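# Reading the structure
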Amino acid sequence: MNKNIIALAFFSISTFSFSQNTDWSKTDRNNVFEECMSATSKYKNISKEQQESLSLCFLEEITKQYSKKEYQAKIEVEINRIQQATISLCAKNIGVNIENTQKSEIIKSKINEGNFKRTDLIGEWRDENSKIFINEDGTFLIKWDSGGSKNGKWWINDVKDVIFQDYSRLRITSINEKEFKYEQTSVTSTTFWGNPKTTKTLIYTATRVE
């Protein structure tokens, strides 16, 4: 008798748990599938078939783990994190490489946005006529091919210009992990009081020295 009660209780619990995840209608499931198709559209190096496979896996995982009510109750930040974690899991399970694409998308997002951090500039660079050493300790050194050099302090100001103390201002126009393009404004002469009298702006491309 007791065994029958236990079995019945287990069946009831199992049935209840299963029913929680079967409230997804065909339209709901299609919406989840399209949600993943949209999220994976940024991965330019995967085929349409791979994208569909990722989205089918995503659909299966989401509808298995959450009821419709639970999923729809999530806030946007939670949904985004669930999406990324599930897409990464599915990519791993079905053997689709999205890591290189994610990296390239990050680099692409920086271009022409002035979207860079201090650490992105640290290192040795070569432009059209010099080597530029931008150091972690806030110092810089420029060595021109002609033989001259300049050193001092550097920082990034409030409008994202790179300032080389007592020498020039660099306005970054595009940047990625291997190069950055910049407009350089240098003081060519000063007034009696030491204020800039004449400036010159040139455009350069600096490539990271490996």
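Residues numbered from 1 in each chain as written. Predicted model: local features only at pLDDT ≥ 70, side-chain atom pairs only at ≥ 80, totals over all residues. Heavy atoms only, no water.

## Some remarks on the overall build of the protein chain
- Across its full length, the protein chain holds six helices and eight strands.
- Secondary structure of the protein chain in N-to-C order comes out as α-α-α-α-α-α-β-β-β-β-β-β-β-β.
- Residues classed as buried in the protein chain amount to 30% of the 210 residues present.
- A separation of at least 24 residues holds for 43% of the contacts in the protein chain among residues at least 6 apart in sequence.
- When the accessible surface of the protein chain is summed, it comes to about 13800 Å², and 53% of that surface belongs to carbon and sulfur atoms. (Helix = DSSP H or I, 4+ residues; strand = E, 2+ residues; numbered from the N terminus. Buried < 20%, exposed > 50% of the residue type's maximum accessible area, 1.4 Å probe, protein only. Contact = heavy atoms within 4.5 Å. Areas by Shrake-Rupley, 256 points an atom, 1.4 Å probe, with all protein chains shown as cover.)

## Here's the deal with the packing of aromatic side chains
- Applying the stated rule across the entire model yields seven aromatic pairs.
- Each ring, one from Phe-140 and one from Phe-164, has its centre 4.3 Å from the other, and the planes form 15 degrees; the classification is stacked. With Phe-140 in strand E3 (residues 139-144) and Phe-164 in strand E5 (residues 161-164), the pair connects residues that are 24 residues apart, well separated along the chain.
- For Phe-140, a relative accessible area of 2% translates into the label buried.
- Taking relative accessible area as the criterion, Phe-164 reaches 1% and is therefore assigned buried.
- Here the aromatic rings of Phe-180 and Tyr-182 are separated by 5.5 Å at their centres, their planes lie at 40 degrees, and the arrangement is tilted.
- Above the face of the Phe-116 ring, Lys-160 is positioned so that its terminal group lies 4.3 Å from the ring centre. (Phe/Tyr/Trp six-rings, centres within 6.5 Å; stacked < 30°, edge-to-face > 60°. Lys NZ or Arg CZ within 6 Å of the ring centre and 35° of its normal.)

## Concerning the nonpolar core
- Ranked by internal contacts, the top residues of the largest apolar core, which has 20 residues, are Leu-54, Phe-58, Ile-62, Tyr-71, Ile-87 and Ile-98.
- If we skip the residues at most four places from it in the chain, Tyr-71 touches Trp-24, Glu-35, Phe-58, Ile-62, Tyr-66, Ile-79, Ile-82 and Gln-83.
- With 17 residues, the next largest nonpolar core counts Trp-125, Leu-170, Phe-180 and Tyr-204 among its residues. (Core = buried A, V, L, I, M, F, W, Y, C linked by side-chain atoms within 4.5 Å.)

## What to know about helix H3 (residues 48-65)
- In this model, H3 (18 residues) spans 26 Å end to end at C-alpha, consistent with the 26 Å of a helix rising 1.5 Å per residue.
- For H3, the elements touching its buried residues are helix H2 (26-39), helix H4 (68-72) and helix H5 (76-94). (Expected span 1.5 Å × (residues − 1).)

## As for the packing of H2 against H3
- It is at 8 Å that the axes of H2 and H3 come closest, and there the two elements cross at 130 degrees. In this view, H2 runs oblique relative to H3, as classed from their interaxial angle. Handedness of the crossing formed by H2 with H3: right-handed. Seen from H2, the contacting residues are Arg-29, Val-32, Phe-33, Glu-35, Cys-36 and Met-37; seen from H3, they are Lys-48, Gln-51, Glu-52, Leu-54, Ser-55, Leu-56, Phe-58, Leu-59, Ile-62 and Thr-63.
- Residues of the contact of H2 with H3, tallied by class, amount to nine nonpolar, three polar and four charged. (Axes fitted to C-alpha atoms, helices over the stretch in contact; angles between N-to-C directions. Parallel < 35°, antiparallel > 145°, perpendicular 65-115°, else oblique. Left-handed = near helix turned anticlockwise from the far one by under 90°. Nonpolar A, V, L, I, M, F, W, Y, C, P; charged D, E, K, R; others polar.)

## Quick look at the pairing of strand E6 (residues 168-175)
- Strand direction decides the pairing type here: E5 and E6, joined by four bridges, are antiparallel. From the neighbouring strand, Ile-163 faces E6, where its bridge partner is Arg-169. (Pairing = 2+ DSSP bridges.)

## Describing the side chain of Ser-130
- With respect to the element layout, Ser-130 can be found in strand E2 (residues 130-134).
- Owing to a relative accessible area of 2%, Ser-130 belongs among the buried residues under this scheme.
- Side chain to side chain, Ser-130 and Asp-127 meet in a polar contact 2.8 Å long.
- If near-sequence neighbours (up to four positions away) are discounted, Ser-130 is found in contact with Trp-125, Ile-142, Lys-143, Trp-144 and Asp-145. (Polar contact = N/O pair within 3.5 Å; in protein donor to acceptor, adjacent residues only side chain to side chain.)

## Overview of H5
- Over its 19 residues, H5 extends 27 Å from the first C-alpha to the last, a length consistent with the 27 Å expected when each residue adds 1.5 Å.
- Residues of H5 that are buried in the fold lie against H2, H3 and H4.

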